[in-house]
Amino acid sequence: EVQLVESGGGLVQPGGSLRLSCAASGFTFSSYAMSWVRQAPGKGLEWVSVINSGGGGTSYADSVKGRFTVSRDNAKNTLYLQMNSLKPEDTAVYYCAKRATPVYDYWGQGTQVTVSS
């Protein structure tokens, strides 16, 4: 059974940092690209970033470029999202998703990130 479990969310002040983790199980993690997707209150899903299976290729939404860094540890079956210089508009539920081109076939339950003073 495929499982994706996010953690690391919380309340942080503007300008602060958080690191999200996504623990994967039930599939060969190192064989798949993975993404982070977020949903702000009252809004639709927004793609945030993607990392290829080996970790050597990444891409980011313009809204987070230069502030967020996606990485993975294939030995630990874990995906990460380092978020720096957080803004109130980054407030959202953050999901990790397994890429099965051209769709995402499995999603985690999400972790809440709230950026507020």
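Parameters at a glance
- Residues numbered from 1 in each chain as written.
- Predicted model: local features only at pLDDT ≥ 70, side-chain atom pairs only at ≥ 80, totals over all residues.
- Heavy atoms only, no water.
- Helix = DSSP H or I, 4+ residues; strand = E, 2+ residues; numbered from the N terminus.
- Rg over C-alpha atoms; globule rule 2.2 N^0.38 Å.
- Buried < 20%, exposed > 50% of the residue type's maximum accessible area, 1.4 Å probe, protein only.
- Areas by Shrake-Rupley, 256 points an atom, 1.4 Å probe, with all protein chains shown as cover.
- Lys, Arg positive; Asp, Glu negative; His and termini not counted.
- Charge placed at Lys NZ, Arg CZ, Asp CG, Glu CD.
- Salt bridge = Lys/Arg side-chain N within 4 Å of Asp/Glu carboxyl O.
- Pairing = 2+ DSSP bridges.
- Axes fitted to C-alpha atoms, helices over the stretch in contact; angles between N-to-C directions.

Draft legend 1. Spotlight on the overall build of the protein chain. A count of helices and strands for the protein chain gives zero helices and 11 strands. Overall, the protein chain shows an N-to-C arrangement of helices and strands of β-β-β-β-β-β-β-β-β-β-β. Taken against the 2.2 N^0.38 rule, which gives 13 Å for 117 residues, the C-alpha radius of gyration of the protein chain at 13 Å falls within 12% of a compact globule. Considered along the principal axes of its C-alpha atoms, the protein chain spans approximately 40 × 25 × 25 Å. Burial analysis of the protein chain (117 residues in total) assigns 40% to the buried set. In the structure as shown, the protein chain presents an accessible area of about 5800 Å², 47% of it carried by carbon and sulfur atoms. Positive and negative side-chain charges of the protein chain, numbering 10 and 8 respectively, have mean locations separated by a distance of 4 Å.

Draft legend 2. Looking closely at the pattern of salt bridges. By the definition in use, this model includes five salt bridges. Note that Glu-46 and Arg-38 form a salt bridge whose closest N and O atoms lie 2.7 Å from each other. Put simply, Asp-90 and Arg-38 hold a salt bridge, and the shortest N to O gap is 2.9 Å. A residue pair is termed long-range when its members are at least 10 positions apart, and Asp-90 in the loop between strand E8 (78-83) and strand E9 (92-100) and Arg-38 in strand E4 (residues 34-39) qualify at 52 residues. A relative accessible area of 0% means that Asp-90 is categorised as buried. A residue is classified by how much of its surface remains accessible, and Arg-38, at 5% relative accessible area, is buried. Look at the salt bridges and you will find they share partners, linking Arg-38, Glu-46, Arg-67 and Asp-90 into a network.

Draft legend 3. Main features of the sheet that holds E8. One open sheet holds the four strands; their spatial order is E1-E3-E8-E7, and the pairing between them is antiparallel. The sheet is open, and its two borders are formed by strand E1 (3-7) and strand E7 (68-73), each paired with just one other strand. If you compare each strand with its neighbour and ignore which way they point, the axes differ by 15° on average. As defined by bridge partners, E7 adjoins E8 across six bridges and the pair is classed as antiparallel. When the sheet's bridge partners are listed, Arg-72 is paired in E8 with Leu-79.

On their own, these measurements won't tell you what the molecule is for.
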